[in-house]
2 protein chains.
Amino acid sequence: MNLLYDERLDGPLTKTDRQTLLAEMRAAVPDLEILHAEEDLRPFECDGLSAYRAVPLLVVLPARIEQAAAVLRLCHARRVPVVARGAGTGLSGGALPLEQGVLLVMARFNRILELNPAGRCARVQPGVRNLAISQAAAPYGLYYAPDPSSQIACTIGGNVAENAGGVHCLKYGLTVHNLLKLEVLTIEGEPLTLGADALDAPGFDLMALFTGSEGMLGIVTEVTVKLLPTPRVARVLMASFDSVDKAGRAVGDIIAAGIIPGGLEMMDQLAIRAAEEFIHAGYPVEAEAILLCELDGVESDVQEDIARVRAVLERAGATEVSLARDEAERARFWAGRKNAFPAVGRMSPDYYCMDGTIPRRHLPRVLKGTAELAEKYGLQVANVFHAGDGNMHPLILFDANQPGELERAEALGGEILELCVAVGGTITGEHGVGREKINQMCTQFNPDEIGCFHAVKAAFDAEGLLNPGKNIPTLNRCADYGALRVHGGKLPFSELERF
Amino acid sequence: MNLLYDERLDGPLTKTDRQTLLAEMRAAVPDLEILHAEEDLRPFECDGLSAYRAVPLLVVLPARIEQAAAVLRLCHARRVPVVARGAGTGLSGGALPLEQGVLLVMARFNRILELNPAGRCARVQPGVRNLAISQAAAPYGLYYAPDPSSQIACTIGGNVAENAGGVHCLKYGLTVHNLLKLEVLTIEGEPLTLGADALDAPGFDLMALFTGSEGMLGIVTEVTVKLLPTPRVARVLMASFDSVDKAGRAVGDIIAAGIIPGGLEMMDQLAIRAAEEFIHAGYPVEAEAILLCELDGVESDVQEDIARVRAVLERAGATEVSLARDEAERARFWAGRKNAFPAVGRMSPDYYCMDGTIPRRHLPRVLKGTAELAEKYGLQVANVFHAGDGNMHPLILFDANQPGELERAEALGGEILELCVAVGGTITGEHGVGREKINQMCTQFNPDEIGCFHAVKAAFDAEGLLNPGKNIPTLNRCADYGALRVHGGKLPFSELERF
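What counts, and at which threshold
- Residues numbered from 1 in each chain as written.
- Chains lettered and ligands numbered in written order.
- Predicted model: local features only at pLDDT ≥ 70, side-chain atom pairs only at ≥ 80, totals over all residues.
- Heavy atoms only, no water.
- Disulfide = S-S within 2.5 Å.
- Helix = DSSP H or I, 4+ residues; strand = E, 2+ residues; numbered from the N terminus.
- Buried < 20%, exposed > 50% of the residue type's maximum accessible area, 1.4 Å probe, protein only.
- pLDDT = per-residue confidence, 0-100.
- Contact = heavy atoms within 4.5 Å.
- Buried area = accessible area lost by both parts, 1.4 Å probe.
- Salt bridge = Lys/Arg side-chain N within 4 Å of Asp/Glu carboxyl O.
- Polar contact = N/O pair within 3.5 Å; in protein donor to acceptor, adjacent residues only side chain to side chain.
- Nonpolar A, V, L, I, M, F, W, Y, C, P; charged D, E, K, R; others polar.

## Looking at the state of the cysteines
Step number 1: Inspection of the entire model under this criterion finds two disulfides over all chains.
Step number 2: Covalent S-S linkage joins Cys442(A) and Cys478(A), the inter-sulfur distance amounting to 2.0 Å. On the sign convention where negative means left-handed, the S-S torsion of about -80 degrees between Cys442(A) and Cys478(A) marks this disulfide as left-handed. Placement of the pair is Cys442(A) in helix H15 (residues 441-444) and Cys478(A) in helix H17 (residues 475-484), with a sequence separation of 36 residues.
Step number 3: For Cys442(A), a relative accessible area of 0% gives the class buried.
Step number 4: You can call Cys478(A) buried: its relative accessible area is 3%.
Step number 5: Between Cys420(A), a free cysteine, and Cys353(A), which holds the nearest cysteine sulfur, the sulfur-to-sulfur gap is 12 Å.
Step number 6: For the unlinked cysteine Cys169(B), the closest cysteine sulfur is that of Cys154(B), found at 13 Å.
Step number 7: Note on Cys169(B): relative accessible area 3%, which makes it buried.

Following this line, the structure appears as C-alpha cells:
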C-alpha cells in the first residue's frame, strides 16, 4: 500500500499569498472570473453545514472546461489545494473552503446538453439543478429519480460528488445507480471519460469510484444521467402510531411483505408537531410517530399495494391509516416531510442533522438508543428520515449561544453515528462524510481499509491537492481521535504503530 | 500517474520451479490441497474460452480463508502471479492460468452463510453457484436477480469478478447493482471489507471498483447479495419479423413507450433455426428475427403491459405476436434462448461468442454492419442477444481445423467490437475483458484512461501479481497492437511516445 500520501492530507501544502496567486491566475487564465476581495469571498465561506467556515484564498468561476482545466494545471504546478463547489447545499461540509486553497465554483456550467428520450438519458453540465433535469424530461414522460430534499437548488455535480439520495432512493437507488457516464478533469487538468453510454463499461468501474468521492479524485465536468418513465400513479398512505417502536417495526413488516414503496418515511412526535405548525400538512399531532408510504406504478398495481400495505400497517398496530384523497393532499403530506428540517429549525436556535444508516431490522433499537443518548446529553432530538432504507436523520436541537451546547451536540451526534456503526450500519447514507464526519470514519474503517482509500487517492492525486482534509482521515488523525475517546476495543489501534 | 507498474504486466515476474514452489507451499500451508501432477493440472488449463490454454505451475484449493491468505502471502513474498478461478465458466479467458503462476480455485467456499429475509439479503461464500442462491431464497418468496445463462454452474465469486449480467439485467441491473458488501483478501493476504450491510457506504466506492475487476485487485472471500421479491406473474410475448432491421427498431420502440420488460431478447434466423432444431421451442423458423419480451410484476400490471407491448410490436411491423399460453410454453420459449449458444454450436465445429454493447438506437446499424463484416470475412454469424440493453452476442461460426479460420474469426470479432465502440458502445457487456478483448481495450480507452487503470491497480497490487495480462493492457501492448492495425486515427498514438 502506498501510504506516503497520508502525511500530507490534513494541512495546506504551501503557504501562498493571495495577491501572488491572483496575479498568476489572471496571467494563466485571462478571461476567468475571479473573486478575491474579502467581501466577495465571504459568501462562499461555508456550504449547507454552516458550523464550519473558512474564507478561501480565491474563488474562481470558470464558464468553459478549458478554463477549469487551466485553473487545475496552475494549482497543480503551484501545489495549491482546490475545493470544488456546486450550489453549496451540501450538509457535511464537503465544499468547505480551505484558507490556503482555491474554491472552484462550477455553477456556470448550467446547460442541459442533450435530452435523449429513446436512450432514456440526458447529458448535462455539472451546474444543472437536480430538479431542472426532471423538468426538462417531463414533456417526454421521463424524470431523473434521485430527489434530495434540496432538489430545487442542489446541482447534479454536487449530487455526484456526494452520491446523493432522497425520498425515492429506496426504490430507485442512489445517484450512482442512476448514472451512465461522467466526464472529469484530473488535478493535472487532463480530461477523462468514465462509464459509457451503453450498458456496463470495461476496465475498473471508475465511474462508481468517482461518485461519492467528494471532489477528491477529480472535477466532474459533464454527467450523463439515466431517465426513468414517470410513474403513472402515485398515492400516499399515512399511518399513525402510539409508539416509535411500533412504527419502526412496521417498516420492516412492509418490506418483508415483498412491497417496495416509492418512498417510506418516518417522523416522530417532535418532527410531526414542528412540521404541522409550519406547513399545516394535516398530520396527527397526538401521534408518537407517523409513517408516510408512497406507492407508485400503474393504477391497478398501486391499488393492490395500497390494500396490502394498509393491512400490514393495521396488523403492526397503527392507530389510524389514511390515504391522501387527491393530488393536493398528497402534495401536502410530502410538503410537511420535505420541510421538516426548517420546521424543526423554527423550534430551536440551532439544529444539527445527522445521517447514519442502519440495517432496517435495527430501527427500533437505534431509535431507543438515540432517545437514551439524547437524555444523557440533555438535548432534544427530532427524528424524520428515510425509514425504508434505514437512513436515519436525527436532528439535534441546541443553542450555539449557550456555552458548551455546540460541543455537546457534536458529541451526541458522534455517539449516534457510532451506534449506527455498532449495529452494522454506516456513518452516512446520502449527505457524505465531508469535514463533518471525518473522525467517525476512524470508527467505520480499520487502518488497512483507510490505507486503501489513501492508495486510491494517491493514484489520482498523489500530492493530495483535491479537497484535502475531507472524507478520508489521515491515520494520524485517527490515532489522535482514538487517544481522546474510548472505543470499546472496536478499533485495533495497536495496528497504527505499523505506519 | 504511477505508471511504473506498466512494464511488468505482460509477463511472469520470476521464473519459478514447480517443485521448489510446491515444497514452499506445503511448508507454508500444511493442510492445503495442492495439485501439481501434469494430469491433475490439465483440466484447469482454460476456462469457458477454450481458445486460450495454459497449464499453471500449481493449482491450490483452499477450504478456509486463512489458507487462501497464506497462499497469497507466499506468492507475494516469492513474486509468483496468482490467478483466481471460480467454476471456470467465464467466456473471456479471465481465469486463464499462467504457466508461471498459481491458480487459486475458490470452489471449496461453497456455503450459504446467512439468509436474511427481513433484510432482503444473503451472505454467501464465493464458490456458491448463482442459481443456488435463488433456490435457497425461494421459500421466502425472494430471489437473486442477475441470471447469466451459465447460472446452473457459475459461482457468485466469478459473477463479481466479471460483473456478470443475464437476461434480466435490463430491469434489475448487473451484478454490481445487486451487491451490498464484499469481503476480500489483498495480494498481501490482508482482509478488507468493502461496502456495507446498510444503504451506501462512506469513503470511496471500493465495492463497485472491485466488481468487474477480474481478480486484479484482490480475491473475493464473501459476498452479501441483495434479494428481490419474486415477481408474482411473468409472461412472455414472442414477435416474429421479416427483417432484422424491423426487429431492431421495435426494441427501441418498446423502451421509448415507457415499458421496462423483465427481459427483451432478439434472435436472428440462424439462431432461431439452430435453437428450434435443438430444443423444439416452438419458434417460427421462417422468421428473419424474433423478439422475446418478458413482462413481470403483479397480474393487472402485466396484463396492461402485454397489451401495450403487443400494440407497439404490431406497429413496428411484426408479422406475428404470440403470448406464451402457460408456464410450460413460457419455459420452452426461454429454453430455446438459453440454449441458443450450444444449439448454434451443433451447426459448426467451433464458434466464438462476442459481447459488445451499444446504445439501443444503433441496433439496426450495428446488425447491418455485422452482416457486412461477416460477408467480408466469409464466415457465418448468428445473433442471439440481450436487445433491450443493447448487449450484442454475435456468434461467429468457424472450423479451427481449417488453416487460418480461427485467425479470421478473431479478426472478425475484433472488427465487430470496434464497430460497437465506434457507435458509442463498449467492448463488453457482461462477459468481461479477460485475455480475449485486451487488445480492444486499446480502442476503447485512450492512454490517459489506461494510465488511470494502472494507477488504481498499483494502489492495490504494485507488483502486478494478481491476474497479470488480463483486463487492462499495457501501453506497450497498445502500441504494438496499434502498429499492426489501422484505427482510422481514432487513437492518439502519438501520445504513446510520452510514456
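## Concerning the confidence of the model for chain A
All names here are of chain A.
Step number 1: When pLDDT is averaged along chain A, the result is 89; 93% of the residues meet or exceed 70.
Step number 2: Taken as a whole, residues 483-499 scores under 50 in pLDDT and shows 29 contacts with residues more than four places along the chain or in a different chain.
Step number 3: For this predicted complex, the interface confidence reaches an ipTM of 0.80, while the overall pTM sits at 0.85.

## With respect to the interface of chain B and chain A
Much of the literature gives interface size as the accessible area that the parts lose upon coming together.
Step number 1: Residue-level contacts link 74 residues of chain B with 76 residues of chain A.
Step number 2: Carbon and sulfur atoms supply 61% of the area that chain B and chain A bury against each other, a total of about 5900 Å² over both sides.
Step number 3: Interface area lost by chain B to chain A is led by Leu199(B), Pro202(B) and Phe204(B), which between them contribute 14%.
Step number 4: Between Arg232(B) and Glu304(A) there is a salt bridge, with its nearest N and O atoms 2.7 Å apart.
Step number 5: Joining chain B to chain A, the criterion identifies 11 residue pairs in polar contact (both at pLDDT 80 or more).
Step number 6: Taken together, the elements giving at least two residues each to the side of chain B that touches chain A come down to strand E9 (191-195), helix H7 (206-210), helix H10 (299-315), helix H15 (441-444) and helix H16 (447-460) of chain B.
Step number 7: With nine residues, the single largest contributor to the side of chain B that touches chain A is H16(B).
Step number 8: Its residues placed into classes, the side of chain B that touches chain A shows 35 nonpolar, 20 polar and 19 charged.

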